[in-house]
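# Per-entry structural report
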Amino acid sequence: MDRDVIIALDFESGEKMIEFIDKFNRKLFVKVGMELFYKEGPEIIKELKKRGHKIFLDLKLHDIPNTVIRATKSLLDLDVDIINYHIAGGSKMLKEASDQVKKSGKDILTLGITMLTSSSEEMIHKEILIDENHSLEETVISYAKLAKESGLSGVVCSALEVRGIKKELGEDFICVTPGIRLPSSKKDDQTRVVSPGGARELGSDYIVVGRPITQAEDPLKAYEKIRKMFLGEE
Ligand code: C5P
């Protein structure tokens, strides 16, 4: 597994996204989320694959095990590189889904979503009734543990959580981290941000970067700079 930068393609249409990606003239690792996938369907994945890009299909599956297994089978046909699941779906859902991926023999990483970064300490106690004795951080580590025990390859988490997760679950357990900003760039709606170099030092395996690249004046230059910083080449 090689460390890499994954560009979050949060565009409102496939047309805009393709126009953006074709400016790069090189093979990339990209993330397609619900917004684009629900609008454009599997065709958009085929377009990206045709161009040789690696794909993280970020659909965050969460349903009864039988439905998630069937959805996983459909996703396997798309030949993407990363798919993901809400760990809150439980061990049976996670294990059966990851078994399905392993059985396919395809080289696909399966990631778990621990707690969304939009969840606050107050929300997890008041709304989803996680015991007051368990902090958000403890809950994230416990969820990551469940993901590992259920056979997933890793988790999506904040770079600030990577050390705790790897200490508990080992260096090989993959941590993919969004919330990345250059010291000079806007934070947008992210709160706990980390720089590309900071994410490397904290042990992230992949960083997911959207707006600092997609909304940059020169996206290619921004991408190269962020990649070099993350890989420790500058
Ligand atoms: O534009 P920005 O760099 O903030 O984009 C980050 C991407 O990572 C978005 O697609 C966002 O949905 C995703 N993400 C996140 N925080 C999480 C999980 C996913 O920002 N905890």
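Within each chain, residue numbers correspond to sequence positions counted from 1 in written order. For a predicted model such as this one, the threshold for reporting local features is a pLDDT of at least 70, and the threshold for listing and counting side-chain atom pairs is 80 or more; totals across whole chains, interfaces and linings nevertheless cover every residue. As a convention, hydrogens and water are excluded, and side-chain values are obtained from all of the structure's heavy atoms.

Now for the packing of helix α1 (residues 14-21) against helix α3 (residues 42-50). Under this scheme, a helix contributes an axis fitted over its contacting stretch, all axes are lines through C-alpha atoms, and angles between N-to-C directions fall in the 0 to 180 degree range. In DSSP terms, a helix is any run of H or I states spanning at least four residues, a strand is any run of E spanning at least two, and both are numbered starting from the N terminus. Two elements in contact, α1 and α3, have axes whose closest approach is 11 Å; the angle formed by their N-to-C orientations is 10 degrees. As the angle between them shows, α1 and α3 are arranged roughly parallel. Contact residues: G14, M17, I18 and I21 in α1; I44, E47 and L48 in α3. Any residue outside Ala, Val, Leu, Ile, Met, Phe, Trp, Tyr, Cys, Pro, Asp, Glu, Lys and Arg is labelled polar, Gly included; the first ten of those are nonpolar and the last four are charged. Here the residues of the contact of α1 with α3 sort into five nonpolar, one polar and one charged. These descriptions rest on fixed angle ranges, namely under 35 degrees for roughly parallel, over 145 for roughly antiparallel, 65 to 115 for roughly perpendicular, and the rest for oblique. Contacts: residue pairs with any heavy atoms within 4.5 Å of one another.

What follows is about the site of the ligand. Residues are counted as near a molecule or strand when any one of their heavy atoms sits within 4 Å of it. In the vicinity of the ligand, the residues found are A8, D10, K31, T117, P178, R181, Q190, V208, V209, G210, R211 and P212. Between N or O atoms, a polar contact is any pair within 3.5 Å; within protein, one atom must be a potential hydrogen donor and the other a potential acceptor, and residues adjacent in sequence are included only when both atoms are from side chains. D10 has a polar side-chain atom sitting 2.7 Å from an oxygen atom of the ligand. Contact between the ligand and R211: an oxygen atom at 2.7 Å from a side-chain N or O atom of the residue. In the complex, the protein chains occlude 84% of the 470 Å² of accessible area that the ligand would expose alone. Elements with a minimum of two residues in the shell around the ligand: β8 (206-209) and α10 (211-214). In the shell around the ligand, the residues fall into five nonpolar, three polar and four charged. Computed by Shrake-Rupley with a 1.4 Å probe, the accessible areas treat only the displayed protein chains as cover when residues are assessed.

Below, the discussion takes up the pattern of salt bridges. Salt bridges are identified by distance alone: a Lys or Arg side-chain nitrogen within 4 Å of an Asp or Glu carboxyl oxygen. The tally for this structure, following the rule as stated, stands at 17 salt bridges. For the salt bridge of K60 with D58, the shortest nitrogen-to-oxygen distance reads 3.0 Å. Judged by its relative accessible area of 22%, K60 is partly exposed. Since its relative accessible area comes to 7%, D58 is described here as buried. The salt bridge partner of D188 is R211, with a shortest N-O separation of 3.6 Å. Placement of the pair is D188 in the loop between β7 (174-177) and α9 (196-202) and R211 in helix α10, with a sequence separation of 23 residues. Because the salt bridges share partners, they merge into one network encompassing D22, E47, K50 and R51. Note on exposure labels: buried denotes an accessible area under 20% of the residue type's maximum, exposed denotes more than 50%, and partly exposed covers the range between, all computed with a 1.4 Å probe on protein chains only.

Right, let's talk about the packing of aromatic side chains for a bit. Ring pairs are drawn from Phe, Tyr and Trp, using the six-membered ring of Trp, whenever the two centres fall within 6.5 Å, and their geometry is named by plane angle: stacked under 30 degrees, edge-to-face over 60, tilted for the rest. For the structure shown, the criterion picks out four aromatic pairs. For the pair F24 and Y223, a centre-to-centre distance of 5.8 Å together with 85 degrees between the ring planes defines the contact as edge-to-face. Taken together, the residues F24 in the loop between α1 and β2 (29-33) and Y223 in helix α11 (residues 219-231) connect sequence positions 199 residues apart. In this pair, the class of F24 matches that of Y223, namely buried. Here the aromatic residues F11, F20, F24 and Y223 are joined through ring pairs into a cluster of three or more.

The next subject is the pairing of strand β3 (residues 54-61). Most of β3 is tucked away: six of the eight residues are buried. Bridge count between β2 and β3: five bridges; the pairing is parallel. Within the sheet, the bridge partner assigned to V32 lies in β3 and is L57. Any two strands with at least two DSSP-identified bridges between them are counted as paired. Pairing of β3 with strand β4 (residues 82-86) involves three bridges; the strand directions are parallel. In the sheet register, L57 faces β4, and the bridge partner there is I83.

Attention now moves to the sheet that holds β8. Pairing is parallel in the closed barrel, where eight strands are placed in the order β1-β2-β3-β4-β5-β6-β7-β8. Neighbour-to-neighbour, the strand axes of this sheet turn through a mean angle of 25 degrees, independent of strand direction. Two elements, strand β1 (residues 4-8) and β2, share three bridges in a ladder whose sense is parallel. In the strand pairing of β2, I6 is matched with F29.

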